[in-house]
Amino acid sequence: MPLFPVYKTWNINAVKARGCTITDDKGREYLDLYGGHAVISIGHSHPVYVKTLSEQLQRIGFYSNAIVNPLQERLAEALTRISEYPGYALFLCNSGAEANENALKLASFRNGRNRVLAFKRSFHGRTSGAVALTDNPSICSPFNANHHVDFIDLDDFAALEQAFTQNQYAAVIVEGIQGVGGIREPSAAFLQKIRALCTVHDTVLILDEIQSGYGRTGKFFAHRHAGIRADIVTMAKGMGNGFPVGGLLIAPEFKAVQGQLGTTFGGNYLACTAALAVLQVIEEEDLMSNAARMGSLIKNEIGHFSEGISEYRGRGLMIGLELRPEHPASATLREDLLMKGQIFTGAAGTHIIRLLPPLCLTEQEAETFIKFFKQCYISHR
Ligand SMILES: Cc1ncc(COP(=O)(O)O)c(C=O)c1O
């Protein structure tokens, strides 16, 4: 039986990985500046992660949410400490899209409305509601397209005001920093305006921190740079460092109704153990500060490299490099980085390189990238 070929894949067979290094079946080593799409937060196969997950597996791997699970409570406590969201409750699920679906459901149950305001270039996942909020008609089937969603540009204050004048929204959903859309950050003033309007209109503010969260930008959540708090924060990706786990932080105003939300696998022992190991390592190794520091280093070195880059976007280790399309090296840069430099990076559209490395990236690893990146452009002079 063939695989259903929906992914564009490189012909690389990874057989082991450690920190920011991936090794293939031929023994070739690659520098991972993509983290498997922002998933690898604390580094591949971190010893604390491997040890605690292996030990947990020896004890018990799974039982359902029909019995208490003290690991879920430990995770909620650790998240309260690190996330700057005191008083919020935690609901655990398995992926980013599922976290957003549950957030939409909670919002709609709370105020009885069904219309959502989202943003152009957004990506919120591929399930029914999440894909309807995603600004990409090519992945939204007619079945998904029946939701009531409006899209406006980030930082368009007038459109925002007008949308709130014309509609009663169940929720506004916004990424802390847009990832798939090309690493685009809403301004602090815009996020503050959304917050204020949501409060006045009893609209639920959902911050999608699935890609931008978990310390990647130097703060635990990217929107905290704007000093606001959401009503619901959605998380996944870096949360489990590769183990599938997602979650929602839910404001105290939401009252839980038994049976209204649920999942078979969400919050299982292994998922909680992975998520706890991630938080432990982020704190013990001060990975948020490292993300901020390594981000500044890369920005200082190539942010002004105007020969090849027209814009440097992002914060910390969530970086978007808008390449100049007219430069001869731009078209093949990502492939050259991988095939000649053995460096994994991501893309967004045709001319944006996305860097989402593990947060444990070292100075030496950052320098390796900077050197090769410059070489790619200089050799094309
Ligand atoms: C901002 C954002 N939200 C939601 C998702 C969906 O997450 P998942 O693929 O885990 O469903 C993604 C995935 O790329 C994302 O970047």
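Refer to the structure presented above.
This report concerns the structure included in the present document. Quick caveat: nothing in here was measured; it's all calculated off a predicted structure. (Residues numbered from 1 in each chain as written. Predicted model: local features only at pLDDT ≥ 70, side-chain atom pairs only at ≥ 80, totals over all residues.)

Looking only at helices and strands, the protein features eleven helices and 15 strands. For 381 residues, the compact-globule formula gives about 21 Å, and the C-alpha radius of gyration of the protein, at 21 Å, lands near that figure. Along the first, second and third principal axes, the C-alpha set of the protein runs to 60 × 55 × 45 Å. A burial count over the protein gives 48% of its 381 residues as buried. Here the analysis covers contacts within the protein between residues at least 6 apart in sequence; of these, 74% occur between residues at least 24 apart. (Helix = DSSP H or I, 4+ residues; strand = E, 2+ residues; numbered from the N terminus. Rg over C-alpha atoms; globule rule 2.2 N^0.38 Å. Buried ≥ 20, exposed ≤ 12 C-beta atoms within 10 Å, placed from the backbone. Contact = placed C-beta atoms within 7 Å.)

With that out of the way, let us pick up the pairing of strand β15 (residues 352-355). Sheet topology note: the strand β12 (residues 318-323)/β15 ladder contains four bridges and is antiparallel. Its bridge partner lying in β15, Glu-322 is registered against Ile-352. Of the strand pairs in this sheet, strand β14 (residues 346-348) and β15 are connected by three bridges, and their pairing is antiparallel. In the strand pairing of β15, Ala-348 is matched with Ile-352. Linking two consecutive strands that pair antiparallel, namely β14 and β15, is a turn of three residues; a positive phi of about 70° is found at Gly-349 within it. (Pairing = 2+ DSSP bridges.)

This part takes up the site of the ligand. In the neighbourhood of the ligand, 14 residues make up the surrounding shell, with Gly-96, Ala-97, Gly-125, Ile-210 and Gln-211 lying closest. A per-element tally of the shell around the ligand places helix α4 (residues 96-111) first, with three residues. Across the shell around the ligand, the residue classes break down as five nonpolar, seven polar and two charged. (Near = placed C-beta within 6 Å. Nonpolar A, V, L, I, M, F, W, Y, C, P; charged D, E, K, R; others polar.)

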